Amino acid sequence: MAEIRQEAVNLYQDVRERICRSIYRGDHQDGDLIWPERKLAEEWNVSRVTVRKALDMLEKERIIARVQGSGTRVSLYYGPRDGSMDIITVAAPAQNEFFARMIDAVQTRADMQDSLVLFQQKPVSISLDNCLYRIYKKGLRNLILWKEDMEIPEEMIRRLKGLGMNIVLFDATDGGGCVDAVCLDNAKAVETLLTHVREDGCKNTAYVGWDNLQISSLRVRENTFRELVPEGKVIHIPYRYHSRVEGIPKKLLEETVEKMDGCDSVIYAVGELGIACEGISREKDISRAAGMIGMMPGARELGIYVVEQDFQAMADQIFQCLKEQNTKESGWMAKKYLIRGIDMI
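Residues numbered from 1 in each chain as written. Predicted model: local features only at pLDDT ≥ 70, side-chain atom pairs only at ≥ 80, totals over all residues. Heavy atoms only, no water.

Chemist: Is there a simple way to think about the side chain of T50 in this case?
Modeler: Summarising the element assignment, T50 is placed in helix α3 (residues 48-60). In this structure T50 comes out as buried when scored by relative accessible area, which is 10%. For T50, the side chain forms a polar contact with the side chain of S47, separated by 3.0 Å. When near neighbours in sequence (up to four residues on either side) are disregarded, T50 contacts L11, Y12 and V15. (Helix = DSSP H or I, 4+ residues; strand = E, 2+ residues; numbered from the N terminus. Buried < 20%, exposed > 50% of the residue type's maximum accessible area, 1.4 Å probe, protein only. Polar contact = N/O pair within 3.5 Å; in protein donor to acceptor, adjacent residues only side chain to side chain. Contact = heavy atoms within 4.5 Å.)

Chemist: Teacher, can you tell me more about the nonpolar core here?
Modeler: For soluble globular proteins, nonpolar side chains are generally found buried alongside one another. Formed by 72 residues in total, the largest nonpolar core has its most connected members in I144, W210, I237, I248 and Y268. Tallying contributions element by element places helix α11 (residues 311-325) first for this core, with 7 residues. Contact partners of W210, with chain neighbours within four places excluded, come to L218, E222, H236, I237, P238, Y239, Y241, H242, V245, I248, V270 and L273. (Core = buried A, V, L, I, M, F, W, Y, C linked by side-chain atoms within 4.5 Å.)

Chemist: Which parts of the structure should I look at to understand helix α8 (residues 216-228)?
Modeler: Along an α-helix, residues three or four positions apart point the same way, because every turn accommodates 3.6 residues. An ideal rise of 1.5 Å per residue puts 18 Å on 13 residues; α8 measures up with 18 Å between its terminal C-alpha atoms. Residues of α8 that are buried in the fold lie against β7 (180-184), α7 (186-199), β8 (205-210), β9 (233-237) and β11 (289-293). (Expected span 1.5 Å × (residues − 1).)

Chemist: I tried to follow the layout of surface pockets on my own but got confused; where do I start?
Modeler: Once rolled over the atoms, a probe with the size of a water molecule shows which space is left empty. Taken as a whole, the largest pocket spans an internal volume of roughly 490 Å³. What lines the largest pocket is a set of 22 residues, and nearest its centre among them are K147, E148, M150, Q214 and S216. Contributions of two or more residues to the lining of the largest pocket are made by α6 (154-162), β6 (166-170) and α8. Along the lines of polarity and charge, the residues of the lining of the largest pocket split into 8 nonpolar, 6 polar and 8 charged. Together, 16 residues line the second largest pocket, and E61, R81, D82, G83 and G164 are the ones closest to its centre. Of the residues contributing to the lining of the second largest pocket, the split by class is 3 nonpolar, 6 polar and 7 charged. (1 Å grid on protein atoms, 1.4 Å probe; cavity = no way out; pocket = protein on both sides within 12 Å on 5 of 7 lines; lining within 4 Å. Points joined across faces, edges and corners; volume = space filled by probe spheres on them. Nonpolar A, V, L, I, M, F, W, Y, C, P; charged D, E, K, R; others polar.)

Chemist: Mind showing me how you'd approach the packing of aromatic side chains here?
Modeler: The geometry of an aromatic ring pair is captured by two quantities: the separation of the ring centres and the angle between the planes. Under the criterion given, the structure shown has 8 aromatic pairs. Summarising the aromatic geometry, the rings of W146 and F170 are spaced 4.9 Å apart at their centres and angled 75° between planes, so their arrangement reads as edge-to-face. With W146 in the loop between β5 (142-145) and α6 and F170 in strand β6, this pair connects stretches of sequence that are 24 residues apart. Judged by relative accessible area, which is 3%, W146 ranks as buried. Aromatic side chains W210 and Y239 sit 5.9 Å apart centroid to centroid with 90° between the ring planes, which places their arrangement in the edge-to-face category. On the criterion of sequence distance, the pair formed by W210 in strand β8 and Y239 in the loop between β9 and α9 (250-259) is long-range, its members being 29 residues apart. (Phe/Tyr/Trp six-rings, centres within 6.5 Å; stacked < 30°, edge-to-face > 60°.)

This is the structure we're talking about:
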């Protein structure tokens, strides 16, 4: 008897999941009519009772709305819902130099409230949108997403939120108006580093960064430099080396340093590039003021000014965002939060 009941549960859960997946893929847009019970039952070879139970669940979850005489429509709800923060899923690039610091800060914050942290790295064989839906399908409803250079349409993030996932984007300058975004105050970080090199009497500053400006934090850093130093030299290094900076050819680093000729100072978009290029400068006995975003081993020895990301403050803000998204009466609305970096002179 128990097996029969479990089979029935599995059937309507399966119907619910099929409908959710079709919404997530965009087969049914917010506001669209979905098939009537009879057609869904025929299409998926289940009883109308099973379909009705699945639709009941979706209506309670505020994913659909049934109106007498009008039919059943997709009706996604993007506001806060009463939920639990027992489990937090982090989807992030483990190969990033700062991943360990980020996950440590999240774990420290989670331990304070007895939350379990699960880590998911996107498998090479599937897209990020499919990876995130797998998390949702498992019933996990709290997501910290660090996209870095992983691509996913903003609309799919929005649909995932409407399906009931609580989402905070890490190291993203904007949540698209549907989810929270928490990141370093990148503009302030660049301003701070420029202030330091100017206090040293420098007047001709170069900027070195990755050539991938699709990553919003890198784009803000470079744009801020261009605004503040319109005559400044901007030098790019191919982003394909970002996960293995040690693999950047020495000749390319030497050429980068040569391009700084005539500059009395330099700002590096990321710490990895700062350490690599300043190491070459030291070999060539070239001395200029330097600043970079993100602390790396060797920065102090090379005399580099550093603005470090305050990972713990970011983690605290992320958990506050998730708490509000999990509280129906919170009045939560999607926002972006800029966290000031730590000035490490």
